[in-house]
Amino acid sequence: MTATARQGRTADRRPGASTVPCPATGGTGRAIGGAATTAAVTRIASLLPGGPGTVLGPAPGAVESAEAYLDAGGYRHTDDPERLLEHIADAGLRGRGGAGFPAAVKLRAVRDGGGLPVVVANGEEGEPGSVKDRWLLRARPHLVLDGLAHAAAVTGAVQGYVYVSDPYAAARVRAALDERTTALPVAVIETGHTYVAGEESAVVRRINGGPALPAAKPPRPFERGVSDQPTLVSNVETLARIALIAAHPDLRHDIAGSTLLSLSAFRGTPLLAEAPYGTDLRTLAAAQGTTDATGALMGGLFGGLVGPGSLDLPLDHSALADAGTALGCGAIRFLQPGVCPVATAADAVDHLATESARQCGVCVSGTAAIRDTLRQLTCGTAAADTAERLERWASRLPGRGACGLLDAAAGTAGSLLTAFPGLVRGHLDAACAACAACPPTGGHRLVVPVPHVADAPCESPTRPAPPARPR
């Protein structure tokens with residue numbers, strides 16, 4: 001099959017798109033992988049006991065070969081797809097792309113949709129603070145491809161795709177396919193990086209030859225997706241955990257009960273961690289190196305801001321939802337003394353406004369209005385009714401766009417008012433010195449560099465792509 005992957009591809013020019021050395025130590029977890037410490041790196045550490053069944057694996061600082069993956073029990077044939085589906089359901093595995101939807105429910109829906117199902121490994125990482133998916137495809141592509149094959153067996157799919165914007169990840173997935181041919185035909189589809197390119201209907205549009213932009217729903221991809229067939233669009237970490245459950249069914253609850261996290265702060269070294277659900281935010285902050293956290297920006301830009309009183313919240317979907325926030329893609333940015341939450345909110349919405357697909361008028365105008373108002377707050381020039389306007393937008397705008405971008409902007413504004421009451425009005429009285437020191441940058445401060453993965457050649461992210469080749 002000829003991959004249509006490179007049509008319309010643009011280079012990934014995000015800050016942090018190129019790799020940097022990964023240190024061997026740091027944080028409070030079992031630090032693993034890597035070379036010498038430098039100030040600009042993202043560390044890797046596990047907060048889990050050692051042993052099989054982890055996504056980070058034994059050597060996350062290097063590419064896992066097909067031979068090493070086979071020796072560890074990978075690429076086993078799916079002898080009983082129904083039994084595997086029962087294990088996934090029993091483990092309570094949720095999707096790791098942001099919504100946390102039960103994985104078994106999606107698999108069943110595609111399986112029961114008729115036609116010729118399609119499975120897609122979604123590795124497009126739109127959140128600026130998230131690195132887990134690009135790391136996973138760069139370091140453990142065989143784990144993801146194995147999970148894709150198991151998902152195909154469960155759903156009856158006849159075609160698979162790996163969807164990415166990161167050229168390093170794409171090159172390593174292609175190399176993995178060259179190392180070991182799978183029974184499932186797999187094409188690698190590259191796209192330009194945008195915040196909305198990983199939304200599942202945008203993924204389907206791109207694979208079908210259109211732009212990577214969200215589409216009106218229904219139908220949803222599980223009903224009619226790639227080539228009008230029932231389509232499973234699954235995050236790469238979700239697929240990795242499906243592969244681990246297939247290889248270690250007795251560990252399925254532990255496998256489903258842990259997650260990858262991208263942890264960062266204004267000061268200090270970012271951390272890619274694997275941690276069990278139930279770990280509280282304060283422990284995660286300490287693992288990242290922030291022992292004096294004053295709050296956090298949760299779920300990339302999806303979960304909004306939480307204040308210091310929320311740092312004892314556990315990693316638990318229900319507990320976080322009850323507190324008005326969400327884990328999302330697992331990217332958490334901790335606030336620190338001297339970092340104003342208003343400036344952080346302004347940076348987040350500045351990024352969202354820049355990344356708007358400009359398909360929905362309400363999204364274009366809504367995100368721009370919130371952005372401009374937060375910028376005025378950081379400068380001390382906001383109007384007296386600013387809090388009321390932010391509250392109105394936070395309650396009226398969610399759900400009105402084709403994707404979640406407008407919801408994220410409105411949620412950030414609402415969470416600022418909820419988590420830090422009085423702070424907005426305090427910014428009306430005088431200019432904030434902390435905000436003046438950190439004016440909005442379009443979200444560049446929120447970007448986290450991907451940990452280095454050694455011992456694998458890859459194309460330059462700024463080099464023109466070679467022609468598509470048959471797969």
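Residues numbered from 1 in each chain as written. Predicted model: local features only at pLDDT ≥ 70, side-chain atom pairs only at ≥ 80, totals over all residues. Heavy atoms only, no water.

**A few points about the environment of G113**
Heads up, the rule is: A run of DSSP states H or I qualifies as a helix once it reaches four residues; a run of E qualifies as a strand once it reaches two. Both are numbered from the N-terminal end. Here's how the labels work: a residue is buried when its accessible area is under 20% of the maximum for its type, exposed when over 50%, partly exposed in between, all with a 1.4 Å probe on protein chains only.
Relative to the helices and strands, G113 resides in the loop between α3 (103-111) and β3 (118-122). What makes G113 partly exposed here is its relative accessible area of 43%. Note: C-alpha distance between G113 and F222 (109 residues apart in sequence) is 7.2 Å.

**A closer look at helix α10 (residues 281-288)**
Counting along an α-helix, one turn takes 3.6 residues, and residues three or four places apart therefore face a common direction. Our working rule: It is the directions from the helix axis to the C-beta atoms that the arc portrays. In protein, a polar contact requires one atom able to donate a hydrogen and another able to accept it; more generally it is a pair of N or O atoms within 3.5 Å, and residues adjacent in sequence count only if both atoms are side-chain atoms.
Every buried residue belonging to α10 is among L281, L284, A285, A287 and Q288, and all of these are buried. One side of α10 carries all its buried residues, which in axial view fall inside an arc of 160 degrees. In this structure D280 caps α10, since a side-chain oxygen of it lies 3.1 Å from the backbone nitrogen of R282. Of the residues one or two after α10, G289 is the one with positive phi, at around 115 degrees.

**What to know about the confidence of the model for the protein**
This is how it is decided: Per-residue confidence from the predictor is reported as pLDDT, a score between 0 and 100. Between two residues, a contact is recorded if the distance between any of their heavy atoms is within 4.5 Å.
Mean pLDDT over the protein works out to 86, with 88% of the residues at or above the 70 mark. Throughout residues 1-39 the model reports pLDDT below 50, and contacts reaching past four residues in sequence, or to other chains, amount to 120 contacts. Within the model, pLDDT remains below 50 along residues 456-471, and this stretch shows 38 contacts once partners closer than five positions in the same chain are excluded.

**Some words on empty space enclosed by the protein**
The following threshold applies: Each cavity reported here is a set of points on a 1 Å grid over the protein atoms alone in which a 1.4 Å probe fits but cannot get out, each pocket an open set with protein on both sides within 12 Å along at least five of seven lines, and each lining residue one with an atom within 4 Å of a point. Grid points are joined across faces, edges and corners, and a volume is the space filled by probe spheres set on the points. Here the term charged refers only to Asp, Glu, Lys and Arg, the term nonpolar to Ala, Val, Leu, Ile, Met, Phe, Trp, Tyr, Cys and Pro, and the term polar to all other amino acids, Gly among them.
Tallied over the entire structure, the rule returns five cavities of 30 Å³ or more. Its boundaries defined by the atoms lining it, the largest cavity holds a volume of some 120 Å³. Around the largest cavity sit 14 residues that line it, and F266, V339, T344, D347 and R445 are the ones nearest its centre. For the lining of the largest cavity, the secondary-structure elements that each account for two or more residues are β11 (331-335) and α12 (341-355). Of the residues contributing to the lining of the largest cavity, the split by class is nine nonpolar, two polar and three charged.

**Focus on the layout of surface pockets**
Empty space among the atoms becomes apparent when a probe as large as a water molecule is rolled across them. Put simply, the largest pocket is a space of about 1,300 Å³. Around the largest pocket sit 45 residues that line it, and G97, G98, A99, E199 and E200 are the ones nearest its centre. Taken together, the elements giving at least two residues each to the lining of the largest pocket come down to α3, β6 (231-235), α8 (236-247) and α15 (405-419). For the lining of the largest pocket, the leading source of residues is α3, giving six residues. Each pocket or cavity is described by its volume, and for the second largest pocket that value is around 350 Å³. Taken together, 26 residues form the lining of the second largest pocket, with G57, P58, E64, A72 and R140 sitting closest to its centre. Of all the elements in the fold, those that place two or more residues in the lining of the second largest pocket are α1 (66-71) and α8. If one sorts the elements of the lining of the second largest pocket by residue count, α8 sits on top with three residues. Residue classes in the lining of the second largest pocket are distributed as 15 nonpolar, eight polar and three charged.

**Notes on the state of the cysteines**
Stated formally: Our working definition of a disulfide is a cysteine sulfur pair at a distance within 2.5 Å.
On inspection of all chains with the given rule, the structure shows zero disulfides. Distance from the sulfur of C360, which forms no disulfide, to the nearest cysteine sulfur (C363) is 6.1 Å. When its relative accessible area of 21% is taken as the criterion, C360 is described as partly exposed. Here C432 stays unpaired: no disulfide links it, and the sulfur of C435, its closest cysteine neighbor, is 3.6 Å away.

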